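Structural features, examined
Below are the chains, spelled out letter by letter.
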Amino acid sequence: MTEAIIKRMIELPSTHLLGTGTPMCAGCGGLSALHEIYDVLGTNNVFVNAAGCMTLLSVYPFTPFRGSWLYTAMASAPAGAQGIRDALDILIEKKRIAPEEDMDVVVLTGDGAAYGMGLSSTSNTIDQNLNYIYICYDNEGYGNTGQQTSPATPHAATTSTSKDYPGYKKDLFSIWVANKPTYVATVIGAEPLDLAKKIEKAKQLKGPRMIIALAMCPAGWDFDPKHSIEIGKLAIKTGVFPLKEYIDGKVVHTRIPRHRTPVEEYLKLQGRFRHLFEPERDEEQLAEIQARIDTYWEKVLSDQE
Amino acid sequence: MTRQLITGNGAAAWGARLANVDYVPAFPITPQTEIIETISRWVDSDQMNARMVTLESEHSMITAAGAAATTGIRVFTATSSQGLLYGMEMIYTVAGWRAPFVMVNVSRGLAAPITLESDHNDIMAARDCGFLQIHCMTCQDVLDNVLIAYRLAEHHDVRLPVFVNLDGFYLSFTREPVSIPDSKEAFAYVGDYDPENIRFRASSPESQAVAVLGGSPYSYFRYETHLANMNGLRVYDEITTEFAERFGRNYAPVETYHCDDADYVFFMTGSFSTKAKEAVDRLRDADWQIGLVQLRMMRPYPEQMLKTTLAGKKAVAVIDQNISMGKGGVLHQELTSVLYGDHDAPAIVASFIGGLGGRDISSEEFYQIAKVLKQAVSDNKTPAPRLLYTETEMREFKKLQAIAHVERDDLGSHKKRTGA
């Protein structure tokens with residue numbers, strides 16, 4: 001167990017290490033999470049990226065990163081991390097570079113890669129107990145191509161390829177946890193203190209570490225960018241996105257919303273769920289979504305007792 | 001130096017060992033697997049100071065290989081057939097990264113139908129990606145050209161990954177006497193890996209393989225890769241000259257056999273070209289003015305050398321062990337494209353396709369091809385492309401087909417009887 005240094009909001013770094021002027025959308029919840037993560041991680045790292053919105057962070061000849069970057073492909077950023085991690089280890093082992101030249105290896109992908117196409121290469125990094133951090137900005141759809149349904153799309157969402165999506169969001173957190181990696185956490189940019197504590201913890205550990213950041217997406221979820229943080233906070237208050245971590249073999253919820261706001265407060269701010277309210281309320285679906293959340297938290301609370 | 005009987009796969013593994021590689025990302029596939037098993041044994045017994053890691057697919061394996069090379073270490077990997085195609089996205093990608101490493105491909109036919117045996121459709125599918133391609137004819141060729149490939153890949157004027165291709169079964173599992181260079185002499189030839197400006201270091205942050213916006217920067221980087229690939233011909237000449245001085249064996253992008261005074265020429269690549277050599281000997285015994293051109297370097301394509309070698313010949317038979325569906329043999333297309341318009345180019349460049357999925361090309365077929373060439377010259381007419389298949393084969397295949405029909409009909413009547 002590691003000792004958290006950041007305990008209060010006032011202790012959050014205000015270094016703003018990630019450069020500005022990127023082509024991400026106004027109100028991008030992925031970018032706000034990345035800004036906060038980068039401030040805690042620092043710059044001594046190489047980001048290994050898969051195809052997604054954030055591929056456009058580094059467009060020749062500009063980059064907002066003060067550290068290094070390698071773009072791979074949609075499916076295999078974790079395998080790129082494997083190659084870089086192994087190469088740095090070999091270089092240090094064979095004394096061809098000084099240990100100070102070492103860097104953290106960080107995978108950065110969207111949910112399309114993390115929940116779907118990239119699962120194969122991700123699984124291998126867990127098999128190999130690879131020493132790296134995986135950051136997934138999860139905006140619950142293939143955002144960069146216009147928000148088509150992805151394996152992270154939630155039930156009932158409208159995307160550009162589904163009206164009222166009948167499936168359910170894949171539980172990536174549990175897939176990781178089932179394979180006993182070093183660390184898994186969910187974070188959100190709208191809860192910066194919780195995020196910073198988790199990144200700080202992850203940074204001090206070794207082995208495969210996964211950070212799933214819910215990425216409020218004005219373009220894909222259809223809301224005004226100014227509501228981004230509010231929607232993020234509602235994702236936590238309604239319990240639709242549980243903040244939790246897996247460490248030392250246990251799952252711990254880091255924010256338990258004891259008086260949960262009804263989920264419709266979260267849903268009705270987003271155009272992708274408008275059909276649940278207009279032209280008339282879809283009571284059946286709203287009740288089902290609420291019931292799933294209630295069941296989840298009842299189990300969390302009963303497990304605690 | 002020792003001389004041993006080893007397989008083509010063994011020769012490839014020896015090449016990696018003598019090149020002092022640091023890292024071997026791997027994934028098994030027939031007929032390549034013996035290469036990674038051999039290397040794994042050597043790594044485990046400390047005969048190789050390398051790290052080997054098994055990835056979960058060729059797509060990941062090639063990503064890891066490229067990423068490690070761009071971090072600044074010497075990398076070796078190997079695949080075959082379906083594996084090469086599964087990783088094809090990354091084959092193009094890592095060439096664009098300008099990641100210099102060596103990848104052995106053990107040629108095997110592509111599905112469907114699925115087969116384990118050899119032809120060249122797999123490696124031909126990777127013609128246009130940016131990798132350089134060396135095609136081997138013997139097991140000695142394999143070992144020597146893996147060493148040469150590191151010099152080629154890492155050369156300042158190239159900086160690209162290189163394929164060394166050998167035929168599945170015919171070379172991969174065939175033992176031939178191979179001279180294995182002394183490790184010190186091999187290291188002296190290959191040298192240490194200099195990552196130059198392609199590396200990741202804490203003290204000098206680098207963004208590699210970033211996106212571009214617009215066709216102009218995209219074109220710049222693509223042209224640059226093409227031109228670097230083209231430099232490979234000059235560099236291959238330099239480094240094979242040095243190889244010959246050190247080890248006494250000569251390699252050229254194009255090899256010739258009884259070609260100087262020949263009117264007719266077989267044109268081939270890979271291990272089957274050694275069968276053509278035998279056919280040339282027998283035809284020469286019968287007073288044919290015939291020779292053989294073996295293409296060793298497929299990329300960059302030795303255009304000028306081929307023009308010169310074939311100038312003044314009466315007819316060329318291009319024998320392709322691949323088939324570009326809807327067009328024909330790839331070697332034939334490429335050769336005719338460079339000969340076209342030269343006033344002293346052979347008037348007849350005929351296409352023959354054979355040796356697919358491990359099928360042999362017999363001496364009789366080479367003799368028949370020679371006769372077709374002679375007839376074409378006397379008719380002054382290029383013959384239509386031929387797909388080699390004998391009457392005996394057709395008869396045997398019809399038998400298989402008859403059995404398949406009986407089996408299907410049996411199954412159908414069984415289902416009817418039981419109402420299943």
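For every chain, the first residue of its written sequence is number 1, and the numbers climb from 1 along that sequence. Chain labels run from A onward and ligand labels from 1 onward, assigned in the order the entries are written. Under the rules for a predicted model, residues below a pLDDT of 70 receive no local features and side-chain atom pairs below 80 are neither given nor counted, while totals for whole chains, interfaces and linings still include all residues.

Helical segments are the DSSP runs of H or I of at least four residues, strand segments are the runs of E of at least two, and each set is numbered from the N terminus. When you go through chain A residue by residue, the secondary structure sums to 10 helices and eight strands. Two things to know: the radius of gyration comes from C-alpha atoms, and the globule rule equals 2.2 Å times the number of residues to the power 0.38. Taking 305 residues into account, the globule formula puts the C-alpha radius of gyration at 19 Å, and chain A, at 19 Å, falls close to it. Based on the C-alpha atoms only, the size of chain A along its principal axes is roughly 70 × 50 × 40 Å. Sorting the 305 residues of chain A into buried and exposed places 48% on the buried side. Note on contacts: each residue gets a C-beta atom placed from the backbone, and two residues are in contact if those atoms are within 7 Å. Sequence separation of 24 or more characterises 68% of the internal contacts of chain A that already satisfy a separation of 6 or more. Exposure classification rests on a simple neighbour count of other C-beta atoms within 10 Å of a residue's own: a residue reaching 20 or more is buried, one at 12 or fewer is exposed, and one in between is partly exposed. C-beta atoms are placed from the backbone.

To continue, consider the overall build of chain B. Tallying secondary structure elements over chain B gives 14 helices and 16 strands in all. Rg of the C-alpha trace for chain B: 23 Å, near the compact-globule value of 22 Å for 420 residues, within the 12% margin. Taking the principal axes of its C-alpha atoms as reference, chain B extends roughly 70 × 70 × 55 Å. The buried share among the 420 residues of chain B stands at 51%. When contacts within chain B are restricted to residue pairs at least 6 apart in sequence, those whose partners lie at least 24 apart make up 81%.

What follows concerns the sheet that holds strand S2 (residues 68-71) of chain A. By definition, two strands form a pair when at least two bridges between them are found by DSSP. Strands sit in the order S8(A)-S7(A)-S5(A)-S6(A)-S4(A)-S3(A)-S1(A)-S2(A)-S9(B) across an open sheet of nine strands; the sheet is mixed. The open sheet has two edge strands, strand S8 (250-253) of chain A together with strand S9 (207-208) of chain B, and neither has a second partner. Here seven bridges tie strand S4 (residues 132-138) of chain A to strand S6 (residues 208-214) of chain A, and the two strands are oriented parallel to one another. Bridge pairing links Ile-135 of chain A to Ile-211 of chain A in S6 of chain A.

All names here are of chain B. Pairing is mixed across the open sheet formed by six strands, whose spatial order is S10-S12-S11-S14-S15-S16. With one partner strand each, in any of the chains shown, strand S10 (254-257) and strand S16 (386-387) form the two edges of the open sheet. Where strand S14 (residues 315-320) meets strand S15 (residues 348-353), six bridges bridge the pair, whose relative direction is parallel. From the neighbouring strand, Asp-320 faces S15, where its bridge partner is Ile-353. Here an axis means a line fitted to C-alpha atoms, over the contact stretch when the element is a helix, while the angle between two N-to-C directions is reported on a 0 to 180 degree scale. Along the sheet, helix H12 (residues 330-339) contacts strand S11 (264-268), strand S12 (290-295), S14 and S15; its crossing angle with S14, the most-contacted strand, is approximately 145 degrees. Those strands touched by helix H13 (residues 363-379) are S11, S12, S14 and S15, and its axis lies near 150 degrees from that of S15.

Many analyses report the size of an interface as the accessible area lost when the parts associate. An automatic or database domain assignment supplies the residue ranges for each domain. In terms of domain boundaries, chain B breaks down into domain 1 (2-198 + 209-247), domain 2 (254-389) and domain 3 (393-420). Once you take the C-alpha centre of each, domain 2 of chain B and domain 3 of chain B turn out to be 41 Å apart.

It is worth spelling out the interface of chain B and chain A at this point. Between chain B and chain A, the contact holds 37 residues from the first and 38 residues from the second. Among the elements of the structure, strand S2 (23-26), strand S3 (51-54), helix H3 (58-71), helix H5 (88-96) and S9 of chain B are those that each provide at least two residues to the side of chain B that touches chain A. Among the elements that make up the side of chain B that touches chain A, the one with the highest residue count is H3 of chain B (10 residues). Three categories are distinguished: nonpolar for Ala, Val, Leu, Ile, Met, Phe, Trp, Tyr, Cys and Pro, charged for Asp, Glu, Lys and Arg, and polar for the others, with Gly belonging to the last. For the side of chain B that touches chain A, a count of residues per class yields 19 nonpolar, 12 polar and six charged. Taken together, the two bridges between S2 of chain A and S9 of chain B define a ladder with parallel strand orientation. Across the sheet, the residue bridging to Leu-70 of chain A is Gln-208 of chain B, located in S9 of chain B.

All right, on to helix H2 (residues 77-93) of chain A then. With 17 residues, H2 of chain A ought to run about 24 Å at 1.5 Å a step, and its terminal C-alpha atoms sit 24 Å apart, in line with that. Positive backbone phi, approximately 55 degrees, marks Lys-95 of chain A, located one or two places after H2 of chain A. To estimate the expected span of a helix, count its residues, drop one, and scale the result by 1.5 Å.

Residue and element names in this part refer to chain A. Relative to the helices and strands, Glu-265 resides in helix H9 (residues 264-267). Each C-alpha atom, one on Glu-265 and one on Thr-238, is 7.9 Å from the other, the two residues being 27 residues apart in sequence. Glu-265 has contacts with Leu-234 and Thr-238, leaving out every residue within four places of it along the chain.

This paragraph deals with the pairing of S15 of chain B. All names here are of chain B. Of all six residues in S15, six are buried; the element is thus mostly enclosed. Residues Ile-348, Ala-350 and Phe-352 line one face of S15 and the alternating positions Val-349, Ser-351 and Ile-353 line the opposite face, and both faces are buried. By definition, the crossover connecting two strands over a helix is right-handed if that path, from the first strand to the second, turns clockwise as seen with the strands pointing away from the viewer. Handedness of the β-α-β unit built from S14, H12 and S15 comes out right-handed. Sheet analysis places S15 next to S16, joined by two bridges and oriented parallel. In the strand pairing of S16, Phe-352 is matched with Arg-386. The parallel pair S15 and S16 is bridged by H13, and the resulting crossover is left-handed.

To continue, consider the pairing of S4 of chain A. Residues and elements named next belong to chain A. For S4, a buried count of seven out of seven residues is recorded, marking the element as mostly surrounded by other parts of the structure. The alternating pattern of S4 places Tyr-132, Tyr-134, Cys-136 and Asp-138 on one face and Ile-133, Ile-135 and Tyr-137 on the opposite face, and all of these are buried. Here five bridges tie strand S3 (residues 104-110) to S4, and the two strands are oriented parallel to one another. When the sheet's bridge partners are listed, Leu-108 is paired in S4 with Ile-135.

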